[in-house]
Amino acid sequence: VHIFSQSHLCLVMYQVLKEAVCGLIAVSWLASRPIRIKQARNLSSSSPVVSDSARFSHWTLIESCPAKDSWQAVGIGGRNRIAMSGPSSGCGFLMSVVVHGDLALNEQEKELNQRLKRLYPAVNEQETPLPRSWSPKDKFSYIGLSQNNLRVHYKGHGKTPKDAASVRATHPIPAACGVYYFEVKIISKGRDGYMGIGLSAQGVNMNRLPGWDKHSYGYHGDDGHSFCSSGTGQPYGPTFTTGDVIGCCVNLINNTCFYTKNGHSLGIAFTDLPPNLYPTVGLQTPGEVVDANFGQHPFVFDIEDYMREWRTKIQAQIDRFPIGEREGEWQAMIQKMVASYLVHHSYCATAEAFAKSTDQAVHEELASIKNRQKIQKLVLSGRMGEAIETTQQLYPSLLERNQDLLFMLKVRQFIEMVNGTDSEVRCLGGRSPKSQDCYPGSPRLFNSPVHKASSSQTYQTGTAEVEMELDHFSNGVSESSSNGFLNGSSTHGIDLEECDGDMGEIIIWRQLCGGSQAAIERMIQFGRELQSMSEHLRRERGKNSANKKMLKDAFSLLAYSDPWSSPVGYQLDSIQREPVCSTLNSAILETHNLPKQPPLALSVGQAAQCLSLMARTGSGSCAFASVDDYLH
Amino acid sequence: MFRRVNDGVPAGGPFTHQRVIYALVCLGWKSFPLFPGLKLPSLPGQVDELQCLRRWEAGLCSPSRDFHRQLATVREVTATSRHYVDRLFDPDPQNVLQGVIDMKNAVIGNNKQKANLIVLGAVPRLLYLLQQSSSSLELRTECAVVLGSLAMGTENNIKSLVDCHIIPALLQGLLCSDLIFIEACLRCLRTIFISPVTPVQLLYTDPTVIPHIMSLLSRSQHTQEYITQIFAHCCKTPEHQMVLFNHGAIQNIAPLLISPSYKVRMQALKCFSVLAYENAQVSMTLVNVLVDGEQLSQVFARMMQRDKPIEMQLTAAKCLTYMCRAGAIRTDDNCIILKTLPCLVRMCSKERLLEERVEGAETLAFLMEPDIELQRIASVTDHLVSMLADYFKYPSSVSAITDIKRLDHDLKHAHELRQAAFKLYASLGSNDEDIRKKITETENMMDRIVSGLSESSIKVRLAAVRCLHSLSRSVQQLRTSFHDHAVWKPLMKLLQNAPDEVLVMASSTLCNLLLEFSPSKEPILESGVIELLCSLTQSDSPALRVNGIWALMNMAFQADQKVKVEIVRALGTEQLFRLLSDPDTNVLMKTLGLLRNLLSTRPHIDQIMSSHGKQIMQAVTLILEGEHSIEVKEQTLCILANIADGNTAKELIMTNDDMPQKIKYYMGHSNVKLQLAATFCISNLIWNEEDGSQERQDKLREMGFVDILHKLTQASDPSLCDRAKTAMQQYLA
C-alpha cells in the first residue's frame, strides 16, 4: 500500500510539474489556457505599457532563466544528477576506459555501455549496477566460463539431474529498468540439450536447473516447458536446440516474464515475480555451451518496440491521472506555484504581471525582490566583488552570521578574478570593456550552448531572434524605465549594447585575470586573504572539508598555464555561478522567513525523489516516467 | 461534364400547411420518426393532397381526439422547421443566406430537426441553390455545409439525400475553384460515401470524376483527409482498384503517409490496404514506391510500432499482408516474419477490442494460409492457439448478468469472433501435423467445431467446416478425435442443404473422412452418403464434382463387394461415362481412380466386368486413343492391368481386336510410367497357374510381345526391367 501511494504521489507531482512548467516557460501561457484568455486580453488592451513590459519580462525570463541543470540542483534529488551528468566527467570516464587493452574489446564495451544507457536510462548504476556478464563467483563447480564470462559450458559428468549446474549474472535486475531483456544463444546442445534459461534470486541452489526451486524460474530446451519454482514443468513453448536464440524479458511493472525464440515472443511464462532476480542459465549434460548477450550485441527480438509500448502506457496513465472534483483548487494551486517561483527567482516584472492576471497577492515587497534580483544579476555576470558588497549593504548581518556562505562567495570571487570577470580585476585590467564583455563570462552567456541544449527545439532555433529582440527591448526599457520593472541594472543594458557591437568578433582571447599584471597581483593578494580567512574559519569552527576542497580546487587553477582547459577548468564555466547564486538567494530569503526553495523546485525535487524511491522499492514504472520528460 | 440535377426541385413559393401534411403522408406517417404513436386514417393508394384533406375535413375518416392532439403537435413542430424551409425561397439573396446559416445552426446535432427539414423538402432547394451559378459563393458553401450536416443524421437521411441526386450535384461543385467550397462539398460527399446505404458505384459513373478528385489531393489537408476517406470506402472491387490505380492513386496518396495530420496518414493507409487487397499489380507497384527516400514497406513497418495507435498498427499490418499475399514481398522477409506476423498476433490478444480481434485474426489467417513456416511461427507466438480459445467465450456469463450494454456488444460480435477463430485455426493447421494436434487439444475444440457446424450463421458454419477440413488432413485426428466426437453427423447434416461454398468445404472434408483408415467411414456409409455423393457429381461446379467423385473413390478403396455394387448402381454407368468425358482433368482422374478401386480384387473385377465390361472397355479405348495427359493414360492402363487380373475379365482384353495392339504401343512408349503400366497389364495376361494361360501366352507371342519384353529386360529403369523379367519368366516356366 505504501509503495502504491508513493507512486501515486509521484504521479500527482507530475501533473503539477507538467502544468506549471509549461506555464512557466512558454510565453503563450496566458493565451493557451482557455480560462485565462480573457484576462490576457484585458492585460494587453487596458495598458499597453504593462503589456509591453510583460512581454519583455517573458523574454527576459527565457533569456535569464538559469540553465536547467542548476535549476534542478535546487531540488532535493537534482544534485546527484549534475555530478553524474556533467559533460566533463562523463567524457573523462569513457576516455580512461578506452586507453587500456584490446581495441575490439573496448569497442564492444563501448557498445554495451551505450546500449544499456539507451535501454535503461532511468537506472542509476552507482546504486544498482546492471548485469553485464555471468558471475565467476556465483556458479556451481560444473560450470565453466570463458570469453569475458559470457560463454557458459558444462564440465560435469551429466549422468543424473543431480549433476545439473547453474550460473547467475553478476548483478540482479534493477527495478528502474522497467522492462529488462537478455538473450542466450545455444552454441551447442551437447549430449541431451537439458538447458534451462531463466531467473533466480540470490542464494538459490546452483546445483540445479533454473525453475526447480523456490524463487527460481526457467524455460527448458529439451521439452519446451516452463518451470515456475517447481520440479514439474508446464507446457509453455517449443523446444530449443543448437543455433536458437532464446530471449528472456522481465517486465518489472507488472512483474511478469516472457521468453522469445529467434525473435518471436512466446507469450507470458511467469507472473507475480519477486524483485531482485538474477539472469540465470543452467546446464546438465556434457557438451552444452551457451553464449549470453546482456546488450553486447543487438538483440534478435525487438525489445525497444516492446518498451515503446510500455512507455506509452505509463505516460498515458500519467496524462489521464484524475485530478478529481477540485478543478478550481487545482488551477489556483498551479498559479500559486508559478507565482512563487517567479518571485523566488526575482523575475519581478513577470511575477507582477502574472499575479495581476491571475488575481494573486505577492507575499514579498517589490523592493525586496528587486534587491535580490540585483544581487543575482551580479553573481550571474561574475561580478562577485560587487555582489558581496551589495549583499553586505542591503543585508548587513547576513554574511557576518553566515561565514561559510561568505567564504563560498569569496572563493567564487577568486575564481572570477582568475576568469577576469570580477569587478575588482576588471577596473585594473588593461583590456577594453568591450573585449571583456565578449569574454565567456559576460551576461550573454545566458545564451550559452549548455542552456540551449537543454531547452526545447523551438527555443534553439529561435535563439538568434530572441537575442536581438532582447537587446532591443532592454535598451528600450532602460530609456523608459519609469515603471521600474527593469530586469537588471542599467549597466546590464549597456553591457549588452557593447556586446552587440562586438558580435562579429569570433576569436575569444583567454588570459589570466584578463591579461593585466596589476590584476594578477590583486588576485594573488586576494588569494592570500582567502587563505587566511580559511585558516581563521578553521580555528574558530573546526575543520570543514567542503570549504577545504573548494579552496583547493580554486587555487589549483593557478597551477595551469591555461586554466580554462585544465582538469579544474570547469570552475570557470559560468554555469558554476548558478549554484552560488541560488545558495545566496536562499540565504537571503531565509532571513526574511521565506522558504529557501520555491514550491515548484520542491515539487520537482520531490518527484525526482519519488522516482528514485520507486526504483528502490521495485516499482518498475519509474523507468518510463522521467521528470525531464515534463520539463521542457 | 457532370449531369446537372434540376428535377425534384418543388415549385417555388412558401409551403402551405396542407403541403406539410401531404409531405408527411407521402413519406409515410407510420415510419415518421417524430411521432411513433401517431396513427393516420388509412388512405387509398394514390391520393392527392386536396382529396386527402377534404376527406379529413369532411370527417370521413373520423379521426380520434388523440389524433387531433397529435396533429396539433405536428403542426407546431413542423411550423418552426417550415419557417427555415420557407426562408430558402425568399426573393432577397441576403435573406436566403441568413436563412441557410440559421438552418445550419438549427440542425447541428439535432436528428429530429434534420428529418423534419428533409421531409419538408429542404434538400432539393438547397441543392438548387448550391448549383446555381448566380448564388454567391458564400451561400453555396453554406448550402454544402447544411447538406453535410443533414447527412450526418440517420441512414434514412442519407437515403433521402442520395434519392435527391445529391452526389452528382456535389461532384459538380468540386469543379469550382474556391477551396472552402470544395472542402464543404468533399466533407458532405465523404459523409455520404462512408455510409453503407450509399451505392459506391455512384463515384465511378462519370469517368472524369476520379481524375479530378485526384487532382484535388494537393489542395489542402482537409481535401486529403476527405478524399482518401472516400477512396478507402469506395474501393470495393478489382475494377475500382484498377480505376484508382490507373489514375495515379499510388503516387498521389503515398506522400500523404508522412502527412503531419494523423487523420490524413490513417486514411491514406486505409486506401493502400483496400487498393492492395488481392491485387498483384498494385502490390508490385507499392513495393517500389519511395516516400521521402524510404521504401513503403519500411514506412508501413514503422506504423506497426507498438506505441502507434492500434488502428494504425492493424491497418499497416493489413497492407503488408496483402502485399505479401500478392507476391510482392517474400514470406521470409523480416518485415513479415518479425513485424507483421507478431503485430497481427497481438491484435488477437484479449486486450484488444472485439472488432480488432476479429480483423486481426482474419488478416493473420489470410497471411499465413499458403506458408507452413509462418504457420509454425504463429503457432508458438504468444500462445496464439490458446488465445483463440477465448474467442468462443462471448457473450461471457459474467456480462450477461452485470451489464446489458456489454451483453449486447458481445452478442453482436460473438458470431464474428467465432468465425474468425475458426478461420485462423483452419489456416494454422492446414499443413503441420503438430499444430493440428495442438489445436485439437485446445479446450473443447472439437465440441466447438461440432456446434459451429450447425450454427445459424452461414459465416460461422463455413469457417467451422473449413477448420474441420484443415484438421481432417491429419491421419491421427481422423482416427481419434474426429471419431470420438462423431463429427460426421453434423457434417452430413450440413451437406443436405447448404450453399455451394459450404458444400465444397464439407464434401472435401467428407473425402478425408471416407479414407479407408478412418473409423468414421462405416457410420457415414450407413447414413446413405452414396446417393448424396452421386448427386454431387452432377453438380455444375467442377469443385463439387471432383469432391463427389473423390469421396466415392476413397469409399471404393478396398471396400466390400456390397459397397462397390451400391456405388455402381447409384452412380449409374451413364453418369460414370459422362464423368469420364468431363472437361475437368481432376474429375477424370478421380473417376478413373474410382474405376480402378472398383476393379480391385479378382471376384470384384469379374463381377463388374461381367455386367459393365463392354462399356468399360469402350471407355478405356476412348481414353487411350484420346488426347490426354500421361497421368490419365497411366491411370487408364492401370485399370486395364486390373481388368487383366480378373479370371473372366481377361478375355475381354484378349478378344478385343485393338487392345493388345494398344498395350504393345504403350510398352514401347517413351514414358517409363506408361511402359511399366502396360507391362503390368501383359504380365497379368500371361500369368501362369491360371486357366488358359498357355493359349494367351501363345497368342501374345504371335503378336510379338516376347520380343518387346525381351527388349524391356534391357531397359535402364530398374523397376521396368524387373517387371519385364518377371513377365518373361512366365514364358520360361
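Just so it is clear, the structure is predicted and the values come from calculations on it, not from any experiment. (Residues numbered from 1 in each chain as written. Chains lettered and ligands numbered in written order. Predicted model: local features only at pLDDT ≥ 70, side-chain atom pairs only at ≥ 80, totals over all residues. Heavy atoms only, no water.)

Asker: Help me out: how do you make sense of the overall build of chain B in this one?
Answerer: A tally of helices and strands in chain B yields 45 helices and two strands. A buried classification covers 56% of the 733 residues belonging to chain B. In chain B, 69% of the contacts between residues at least 6 apart in sequence involve partners at least 24 apart. Carbon together with sulfur atoms contributes 52% to the accessible area of chain B, which is approximately 32,000 Å² in total. (Helix = DSSP H or I, 4+ residues; strand = E, 2+ residues; numbered from the N terminus. Buried < 20%, exposed > 50% of the residue type's maximum accessible area, 1.4 Å probe, protein only. Contact = heavy atoms within 4.5 Å. Areas by Shrake-Rupley, 256 points an atom, 1.4 Å probe, with all protein chains shown as cover.)

Asker: Would you explain the pairing of strand 8 (residues 225-228) of chain A in this entry?
Answerer: Residue and element names in this part refer to chain A. Taken together, the three bridges between strand 7 (residues 216-220) and strand 8 define a ladder with antiparallel strand orientation. Note on strand 8: the bridge partner recorded for Gly218 is Phe227. Taking the residues between adjacent antiparallel strands as the criterion, strand 7 and strand 8 are bridged by four residues, where Gly224 takes a positive phi near 75 degrees. Pairing analysis gives two bridges linking strand 8 to strand 9 (residues 234-235), with the strands arranged antiparallel. (Pairing = 2+ DSSP bridges.)

Asker: Can you walk me through unusual backbone geometry in this structure?
Answerer: A negative phi angle is the norm for most residues apart from glycine, just as the trans form is the norm for most peptide bonds. All names here are of chain B. The phi dihedral of Asp382 is positive, around 45 degrees, even though this residue is not glycine. With respect to the secondary-structure elements, Asp382 resides in the loop between helix 21 (372-380) and helix 22 (384-389). The class of Asp382 is buried, set by a relative accessible area of 19%. One non-glycine residue, Ala486, adopts positive backbone phi at about 45 degrees.

Asker: Please explain the packing of aromatic side chains as it appears in this structure.
Answerer: Aromatic ring pairs are reported here in terms of the distance separating the ring centres and the angle at which the planes meet. Applying the stated rule across the entire model yields 23 aromatic pairs over all chains. Between Phe258(A) and Phe301(A), the aromatic rings sit 5.9 Å apart at their centres with planes inclined by 75 degrees, giving edge-to-face as the arrangement. You can see Phe258(A) sitting in strand 11 (residues 256-261) and its partner Phe301(A) sitting in the loop between strand 14 (288-293) and helix 9 (303-319), a full 43 residues away along the chain. Like Phe258(A), the residue Phe301(A) is buried in the burial classification. Between Phe272(B) and Phe300(B), the ring centres sit 6.2 Å apart and the planes meet at 65 degrees, which makes this aromatic pair edge-to-face. Of this pair, Phe272(B) sits in helix 15 (residues 262-276) while Phe300(B) sits in helix 17 (residues 296-303), and the two are 28 residues apart along the sequence. The structure contains a cluster of three or more aromatic residues connected by ring pairs, namely Tyr217(A), Tyr219(A), Tyr236(A), Phe240(A), Tyr259(A) and Phe270(A). The ring of Trp550(B) carries Lys590(B) above its face, with NZ or CZ at 4.3 Å from the centroid. (Phe/Tyr/Trp six-rings, centres within 6.5 Å; stacked < 30°, edge-to-face > 60°. Lys NZ or Arg CZ within 6 Å of the ring centre and 35° of its normal.)

Asker: Which parts of the structure should I look at to understand the UniProt feature "domain: B30.2/SPRY" (unreviewed entry) in chain A?
Answerer: The feature "domain: B30.2/SPRY" (unreviewed entry), as annotated in UniProt, sits at residues 112-299 of chain A in this numbering. Structurally, residues 112-299 of chain A is divided into 4% helix and 41% strand, and its ends, taken at the C-alpha atoms, are 12 Å apart. (UniProt positions renumbered as here; feature names shortened; annotations may be inferred.)

Asker: Before we go on, may I ask you to explain the interface of chain A and chain B in this structure?
Answerer: Bring the parts together and some accessible area is lost; that lost area is often taken as the interface size. Taken together, the contact pairs 17 residues of chain A with 15 residues of chain B. Counting every contact that joins chain A to chain B gives four salt bridges. When the shortest N-O distance is used, the salt bridge between Lys339(B) and Asp302(A) registers 2.5 Å. At the boundary of chain A with chain B, the tally comes to eight residue pairs in polar contact (both at pLDDT 80 or more). Broken down by secondary-structure element, the contributors of at least two residues to the side of chain A that touches chain B are strand 12 (264-270) and helix 9 of chain A. Top element by residues in the side of chain A that touches chain B is helix 9 of chain A. It accounts for six residues. (Salt bridge = Lys/Arg side-chain N within 4 Å of Asp/Glu carboxyl O. Polar contact = N/O pair within 3.5 Å; in protein donor to acceptor, adjacent residues only side chain to side chain.)

Asker: I'm lost on the pairing of strand 11 of chain A in this one. Help?
Answerer: Regular strands place their side chains on alternate faces of the sheet. Residue and element names in this part refer to chain A. Here strand 11 lies mainly inside the structure; six of its six residues are buried. Taking every second residue as pointing to the same face, both faces of strand 11 are buried, with Thr256, Phe258 and Thr260 on one and Cys257, Tyr259 and Lys261 on the other. As judged from the six bridges shared by strand 10 (residues 245-251) and strand 11, these two strands associate in the antiparallel manner. Within strand 11, the residue paired with Val250 across the bridge is Cys257. Adjacent in sequence and paired antiparallel, strand 10 and strand 11 are bridged by four residues, among which Asn255 carries a positive phi angle near 55 degrees.

Asker: Before we go on, may I ask you to explain the pattern of salt bridges in this structure?
Answerer: Two side chains of opposite charge can pair, provided their charged atoms sit close to one another. Applying the stated criterion across every chain yields a total of 46 salt bridges over all chains. Here Lys313(A) makes a salt bridge to Glu309(A), at a shortest N to O gap of 3.5 Å. Of this pair, Lys313(A) and Glu309(A) both sit in helix 9, four residues apart, which is roughly one turn of the helix. The class for Glu309(A) is buried, based on a relative accessible area of 13%. The network of salt bridges with common partners includes Glu309(A), Lys313(A), Arg306(B) and Glu351(B).

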